[in-house]
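Here are the chains, one letter per residue:
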Amino acid sequence: MNQRSRLSLLVTQIFFASLMLALFGRLFYLQIAAGPIYRDAALSIQSRDVVTPANRGFIVDSSGVPLALNKVGLAITVDRTKIDKLPDKGEAVIRDLVGLLGLNYADVWQRTRLCGELPKGQKAGCWTGSRFQPIPITKEADPQLALRIVERSDRYPGVTASPVAIRSYPENLGLSGGHVLGYVGPLTEEDLSGANGRTYFRSESIGKAGLESMYDSYLRGVPGIKTFIVDRKEAVTTTRKNTEPIAGSHLVTSLDMRLQAASEKALADAVKRARGLGFPADGGAAIVMDVRNGQVLALASHPTFDPNAFERGLSVEQANNLFSEKAGVPALNRALQGLYAPASTFKAVSLVAAADAGYDLKKNYACPAEVQVGNRAFKNFESRAQGTISIKKAIAISCDTIWYQIAYDEWVRDGGLRPKSNANDYFYNAAKRFQIGVKTGIDLPSESSGRLADRQWRKDWYSQNKDFYCNYKERTKKSAQTPFLLELARENCLNGDKIRAGDAVNFSIGQGDTVITPIKLAQMYAAIANGGTIWKPTIAKAVVKSDGTVVKKFQSENLGDIGVDPVTLKLLQESLHEVTLTGTSAGVFNGFPVQTSGKTGTAQVFGRNLNGSLKADTSWYAAYAPTQSPRYAVVMMVSQGGYGASTSGIGVKNIFEALFGVQGRTAKPELALFPEGKPPTKLPRISPATKAKPSILNPGKAVSASPTPKAVAKR
Amino acid sequence: MSTFLNRNPYRRAHRTSFFAGFDPILTAAVGALLVIGTLLVYAATRDWYSANGLDPEYYLKRHVINIVIGIVLAWGTTIIDYRLLRAYTPFIWGLGVFGLILVLIPGVGSEINGAQAWIGLPFGFQVQPAEIAKISIIIGISMLLSERTHNSDEPSNQDVLKALGVAALPILLILLQPDMGTVFIISASVVTIIAVSGAPTRWVVGLLLVAVIGGFVATKTGVVTEYQLKRLQSFVDPNADTQGAGYQLRQARITVGSGGLLGTGLFDGPQTSGRFVPEQQTDFIFTVAGEQLGFIGSGFIIFLLFIVLMRGFAIARRSTDPYGTLVSTGVVAWFAFQIFENIGMTLGLMPMTGVPLPFLSYGGSSMFANLIGFGLLQNVHASHRG
C-alpha cells in the first residue's frame, strides 16, 4: 500500500467512526434528552381513554328535598366522525332518525352541528362540545325505538343508543328554579383548553349556570377512566388503567323548595296582575333572605325557563328565546343581574342621611306639592300636598318633597355647582354605608354591582360622554333634537361633571343614575331589620359526600355595618312598619295576621320599549317580618310593573302567606314553612325520595292532623 | 488484540481446522448481531401476527432459515481461494446485471414501496438483484484497481475509468427501479474504493462533484419520481405529509424516543405490537430495538456495528496485497453507508429510503449479501495477513 492509500484509509476510517458517533449522539438525543416528550407522544398514539362520568351530586333544599338529582335515560347519539364520511354528510340518516323518534329535523340538524361550524347569529341550539364525542340528539328515547336503531346499524351508521344519567330538576309545586339552580351541558372547547384553571375530560358534563356552575367542582365528582392501549387498527390490545368514578358530593342549600315555588308563583302572579292593569311587566325578581345570617331561602326571576329543557335538547326556537328581548331574555337572572332605580325604597337611606346631617327626625316637616329647585319644579308623587307631617308619616305615605328639600339644602351647603373640597355628602356617605354600588357577593355567577352615582361617578361619566353632549347636533339625528333634549345636552356639556341640584334631589328618592339589583335591596333591608349588619347573601350551606360525611360547611359572612345609631334605626323600623299600617301598603297588608314592615317603590324609567311605547314604572316592594323579631327579608321587583304596592306589594304578601302559613286572615302554624319560626340549622339527611313537608301550596293531611287551626281562627 | 491472538502459536496450530482464518472479534460481533436481529424480527412480528390470526413465528422461522443459508454462503466465501473468486467475478457481475434488467420487466419484477426491486420466486421467496450487484461491483472494481499493468504504485486513469464502467451499468439499472438508497450506498462505496486505491485525488473530488450536481439535476428535471421527492421533503419537513412518508418517519422517531434509557423490555413494546411503524421487521427494525431495548440496548447495537466496521478496517490495513485492502474497504464502506442510511433514516438524520439494516433486518437477499460480505472480510483476513 502506498502512502496515499494509507492516508485515505485512515481518513475513511475516521469518517465512518464519526458517522457512527453521529448515530449514537442522535440516539442519545431521542431517547434520553427528548425521551419524555416522545414517551408522551407514544402514549397519546397508543392510548384511548374511555371516561365514565361520575354521578353528579344532588342539590337539596334546607330540609333535604331534592332540587336537582339524576335519573337514567336512554340517549341516542350521533357520531359526527362517522356520519360526516357519508356522501350526504349524514343528512339521510338524520332524516330517517327524526322520523323514527318523532323529532323536528331542523332542531336535530342544529343540535348535531358544532357551534364553530355555524355562522354568527345562527348558533342557537348548536353543540358546544367537540366533533369527537357522540352527540346526543335525545336523552329520553323509547327503549323499543332505541333497540330498533341499534339492531339496524347498517341503516343508522354512526348512531348508537346508550343509557345515560340525566340531570333532572323535579317540578314539584310548579317549581322551575332555573335561575338559581342553573343547568348542565357539554364542555366547550374553551373549558377544555383549561382557561378557567381546571382540567376536564371531553365527555363530562359541567354546570353551565347558577349553583350547578358555581359549585361544579364539588357536584361533578371524579370520572372513572379506563385507558385502553390500541394498535394501528384501533383494536384494543390491553387495558392500562382502570379507575372507578367517584360520585360528586351533594350540595345542601338554604333554599326551601316550597318557598321557592311560592316565590316563583307570587312573582308570576304579580306579573300577570300588572299586565291585567295594562303594564308591559317584562320581567321581575323575588328574593327571600334570612336577615340574621344572609342565607337566601328563595330566589326567583321572571320570565323563567325550564332547566330540564337543556337535557331534553333545546329546539332552535327555545335556544333563541333564551336570549331574545321579545321573550324577555329569560336567561337573565334579574335578581342579581337586573339593574333598576330603587325609587322610594331608597328613602331608608335618605332618612339615615338626614339624621347624619343633624335634622331632628322627631320634628314635623312640610310636604308640599312641589319644591322649586333652581328653575325647575320637583313635584310630589301625584302632585299632592300633604301638609306638615312627621318623618314616620313621610316614609309611610312616601312623601318626596321633604327629601327634595333636605337634599337640596344639603347640596347648597356642600357648595352647589362649586362644591367644597370637604363636602359633607351625607346622602352619598349613607348610601356607601349601605354598600350601594358594590356586589353583594352572593354565591351565584355573574352578579352585577349596581351603581352609586356620586361625585366621582359623575366625573368619570363626564369624561366619557363630554364629546357626545358638546357635539350633540352633529352626533344625533334630527328626530333626537327636540328643544328639551338640546337643552339637556347643553347643560350636560356645560357642567355635566358636577352634581347638579336636580341630581342631588333625584338621588334622595332613588331616581336618577343610581341603580341597584334586587338582591342588593334585600341585603339592605335585611340589615335594617337585623340592627345594621350587612350579611353576604349565601345559598350554599354545606357540601356533603354521598356517604353523609360533611366535606365543607359554608359560614355566614359579615360584610360590615350600616353604622346607624339605635335611635335613628328604631325610627326607621317604626316608619317601615307604619307603611303597612297607614301607608302605601296598608291596603295590601290590612288584616294580615303577621306584623310586617316594608316600603313601596315606584321608579320612573326613561326610554321606550321595542314597540315605541314609553317604559312603564318599576314596581318595588321591600319588606321584612315579623316586625317585632325580624327573620325574613323579602324583596320583589317587577320591571314595568306599575305601582309598588299593587303589583309587588301583593306579591310579597303572597310570599309571606307561604312563609307563615297564612290562609285568608289566619296564620296556621302547621302550614308555616318553619314551625319554630326559623329555617332549619341542622343539615338534613339526603335521599332522592325526601318529600316536602306541608305548606299552603301542599296542605295535604296537615290540616286534619293538627288541632291548632281552630284555636288560631278564634283569636 | 486480534493481532496478538492471531500470533498465538496455539491459534496457528488450528489454522487448518474448519474455522481457520475467522477473525474472532468480527465473528463474535456479527454473531451477536444475528442473534439480536433474530429476537427483534420475532418481537416485531409476533404480536401483530398472532393478533391477526396468522402464524406468530412466520417471520422468525424464515429469518432463521435465511441466516443458516447466509452462514453457509459466508463460510463458502471465506474458504474459497480468491483467485477462483476472481474467475467467477465477471459471471457474478453478469448475473447481477441480468437480474437488474429482469427486475425492470413488468410482470417479472415486483414493486414494493415505489421501487421495482424484487423478483418473485416460488414459495413466496424473493430475490433482490441489487444485492448481488453490490458484491460483484465491489469485487470487480477492487480487482481492476489493484492489478498493476504498469510500473506504478497507483492505478492509472484508464484503470479508474474501467472500474467506473463496471460500476456504472448496474448503478444505472438500479436508478431505473428506482432505488435511490442502494444507488447512494453503491456509489459512495465505489468512491471510497477509488479513494483508497491510491488513484489521483482529482478522481475522488471529481466524482463527489458529479454526485452533488447529478443529485441536484435529478431533482430539478424530474428524473427523481414524485414519490421520492415526497420522501425527501418529508425528511426536511416531517409535518408536510402526515399520513405518508412523514407519518412513518414521525412514528419511527416516536417509537425510538419512547424507549428511553432502558426500553420497555423485549417483546413488550406497545408501539411495536400496535404496528404503528410500517416495515418494522425490515427497514425499520431499529425502532424495535429503540423501543424495547432502550438507549442501552440500541446503543449496544450501534457499538457492535462499529466493531464490525473497525475490524474491517484492521483487516484492510493488514492485508498484504492491494486487492485485499480494496475489497475489505469496499465491504466496510458498503456496510457503513447502509448502516448510516438505515439508522439515520430511523432517527431522522437521513431521508427515507428502503434499505435494510445489515445483519439485523429480515430479508433473504440482503442477509445473504451481508454474510457474503462478512465472508469476504474473513477471506481477506485469512489469506492476506502480513
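From a predicted model like this one, the values you see are computed outputs, not experimental measurements.

Calculation criteria
- Residues numbered from 1 in each chain as written.
- Chains lettered and ligands numbered in written order.
- Predicted model: local features only at pLDDT ≥ 70, side-chain atom pairs only at ≥ 80, totals over all residues.
- Helix = DSSP H or I, 4+ residues; strand = E, 2+ residues; numbered from the N terminus.
- Buried ≥ 20, exposed ≤ 12 C-beta atoms within 10 Å, placed from the backbone.
- Contact = placed C-beta atoms within 7 Å.
- Axes fitted to C-alpha atoms, helices over the stretch in contact; angles between N-to-C directions.
- Parallel < 35°, antiparallel > 145°, perpendicular 65-115°, else oblique.
- Left-handed = near helix turned anticlockwise from the far one by under 90°.
- Nonpolar A, V, L, I, M, F, W, Y, C, P; charged D, E, K, R; others polar.
- Pairing = 2+ DSSP bridges.
- pLDDT = per-residue confidence, 0-100.
- Expected span 1.5 Å × (residues − 1).
- Core = buried A, V, L, I, M, F, W, Y, C linked by C-beta atoms within 7 Å.
- Domains from an automatic or database assignment.

A count of helices and strands for chain B gives 15 helices and three strands. Looking at chain B residue by residue over its 386 residues, the buried ones come to 53%. Considering only contacts within chain B whose residues lie at least 6 apart along the sequence, 70% involve residues at least 24 apart.

Now for the overall build of chain A. Within chain A, the secondary structure is distributed over 28 helices and 25 strands. In chain A, 72% of the contacts between residues at least 6 apart in sequence involve partners at least 24 apart.

As a further point, take the packing of helix α6 (residues 129-146) of chain B against helix α15 (residues 364-383) of chain B. All names here are of chain B. At a minimum axis separation of 8 Å, α6 and α15 run at an interaxial angle of 15 degrees. Classified by the interaxial angle, the pair formed by α6 and α15 is roughly parallel. Handedness of the α6/α15 crossing: right-handed. Touching Glu131, Lys134 and Ile135 of α6 are Ser365, Ser366, Ala369, Ile372 and Gly373, all from α15. Taken together, the residues that form the contact of α6 with α15 break down as three nonpolar, three polar and two charged.

All names here are of chain A. Taking strand neighbours across the sheet as the criterion, the five strands line up as β12-β11-β23-β22-β21 in an open arrangement whose pairing is antiparallel. At either end of the open sheet lies a strand with only one pairing partner, and these are β12 (296-302) and β21 (597-603). Taking each pair of neighbouring strands and ignoring which way they run, the sheet shows an average axis angle of 5 degrees. In this sheet, β12 lies alongside strand β11 (residues 283-290) in antiparallel orientation, the contact comprising six bridges. Looking at β12, one finds that alanine 286 is bridged to alanine 300. Lying over the sheet, helix α11 (residues 257-276) contacts β11, β12, β22 (618-625) and β23 (632-639), oriented at roughly 35 degrees with respect to β12.

Locating aspartate 55 of chain B in the fold gives a position in the loop between α3 (24-51) and α4 (58-79). Taking the number of C-beta atoms within 10 Å as the measure of exposure, aspartate 55 of chain B has 12 and is therefore exposed.

Here we take up the interface of chain B and chain A. Counting residues at the interface gives 43 residues for chain B and 33 residues for chain A. Those elements that place two or more of their residues in the side of chain B that touches chain A are α8 (180-196), α11 (245-257), α12 (270-273), α13 (285-318) and α14 (322-347) of chain B. Take the side of chain B that touches chain A: its biggest share by element is 12 residues, from α13 of chain B. By residue class, the composition of the side of chain B that touches chain A is 20 nonpolar, 18 polar and five charged.

A word on helix α22 (residues 501-508) of chain A. All names here are of chain A. Within α22, six of the eight residues are buried, which leaves the element mostly enclosed by the surrounding structure. Among all positions of α22, only Asp503, Ala504, Val505, Asn506, Phe507 and Ser508 are buried. Residues of α22 that are buried make contact with α15 (347-356), β14 (370-373), β15 (376-379), α17 (401-413) and α18 (426-433). Phi turns positive, to about 70 degrees, at glycine 510, one or two residues after α22.

Before going further, it helps to spend a moment on the confidence of the model for chain A. Looking at chain A, pLDDT values average 87 and 96% of them are 70 or higher. Segment residues 703-715 of chain A is flagged for pLDDT under 50; beyond a separation of four residues in sequence, or across chains, it makes 10 contacts in the model.

Residue and element names in this part refer to chain A. Here α11 spans 28 Å end to end across 20 residues, near enough to the 28 Å set by a 1.5 Å rise per residue. With 15 of 20 residues buried, α11 lies mostly within the body of the structure. Of the residues one or two after α11, glycine 278 is the one with positive phi, at around 95 degrees.

With that settled, consider the packing of α6 of chain B against α8 of chain B. Residue and element names in this part refer to chain B. Relative orientation of the contacting elements α6 and α8 amounts to 15 degrees, with a least axis distance of 10 Å. Put simply, α6 runs roughly parallel to α8. Of the two elements, α6 crosses α8, and the hand of that crossing is right-handed. Residue-level contacts link Ala130, Lys134, Ile137, Ile138, Ile141, Ser142 and Leu145 of α6 to Thr182, Ile186, Ser189, Val190, Ile193 and Ile194 of α8.

A few words now on the pairing of β15 of chain A. All names here are of chain A. The pairing of β14 with β15 spans four bridges and is antiparallel. The residue of β15 that forms the bridge with glutamine 372 is alanine 377. Counted along the chain from β14 to the antiparallel partner β15, the turn is two residues long, and its residue glycine 374 has a positive phi close to 60 degrees.

Turning next to the nonpolar core. The biggest cluster of nonpolar side chains holds 145 residues, and the ones touching the most others in it are Ile287, Tyr525 and Ala633 of chain A. Looking at which domains feed residues into this core, each of domain 1 (48-253) and domain 2 (257-334 + 520-705) of chain A gives three or more.

The next point concerns the environment of alanine 453 of chain A. All names here are of chain A. With respect to the helices and strands, the residue alanine 453 is situated in the loop between α18 and α19 (455-470). When the 21 C-beta atoms within 10 Å are taken as the criterion, alanine 453 is described as buried. C-alpha of alanine 453 to C-alpha of glycine 512: the two residues are 59 residues apart in sequence and 8.1 Å apart in space. Leave out the neighbours within four places in its chain, and alanine 453 touches Arg458, Phe507, Gly512, Asp513 and Thr514.

In this section: unusual backbone geometry. In the segment running from histidine 302 of chain A into proline 303 of chain A, the intervening peptide bond is cis, with an omega of -5 degrees. Following the sequence through the fold, proline 303 of chain A ends up in the loop between β12 and α12 (308-312). Residue proline 178 of chain B is bonded to the preceding glutamine 177 of chain B through a cis peptide linkage, with omega at -10 degrees. Looking at where proline 178 of chain B falls in the secondary structure, it is placed in the loop between α7 (157-176) and α8. Positive phi, close to 60 degrees, is recorded for lysine 89 of chain A, a residue that is not glycine. Along the polypeptide, lysine 89 of chain A turns up in the loop between α3 (80-83) and α4 (91-101).

Turning our eyes to something else, we now look at the environment of threonine 264 of chain B. Checked against the element boundaries, threonine 264 of chain B lands in the loop between α11 and α12. With near-sequence residues (within four places) excluded, threonine 264 of chain B lies in contact with Gly259, Gly269, Glu291 and Gln292 of chain B.

Glancing now at the confidence of the model for chain B. Residue and element names in this part refer to chain B. Here chain B averages 82 in pLDDT, while 83% of its residues score no lower than 70. The least confident element of chain B, judged by mean pLDDT, is helix α2 (residues 9-13) at 40; the most confident is α13 at 94. Long-range and interchain partners of residues 1-17, a stretch whose pLDDT sits below 50, account for 10 contacts in this model, where long-range means more than four residues apart. In this model, residues 239-243 is a region of pLDDT below 50 whose contacts with residues beyond four sequence positions or in other chains number nine contacts. Predicted as a complex, the structure gets a pTM of 0.67 and an ipTM equal to 0.89.

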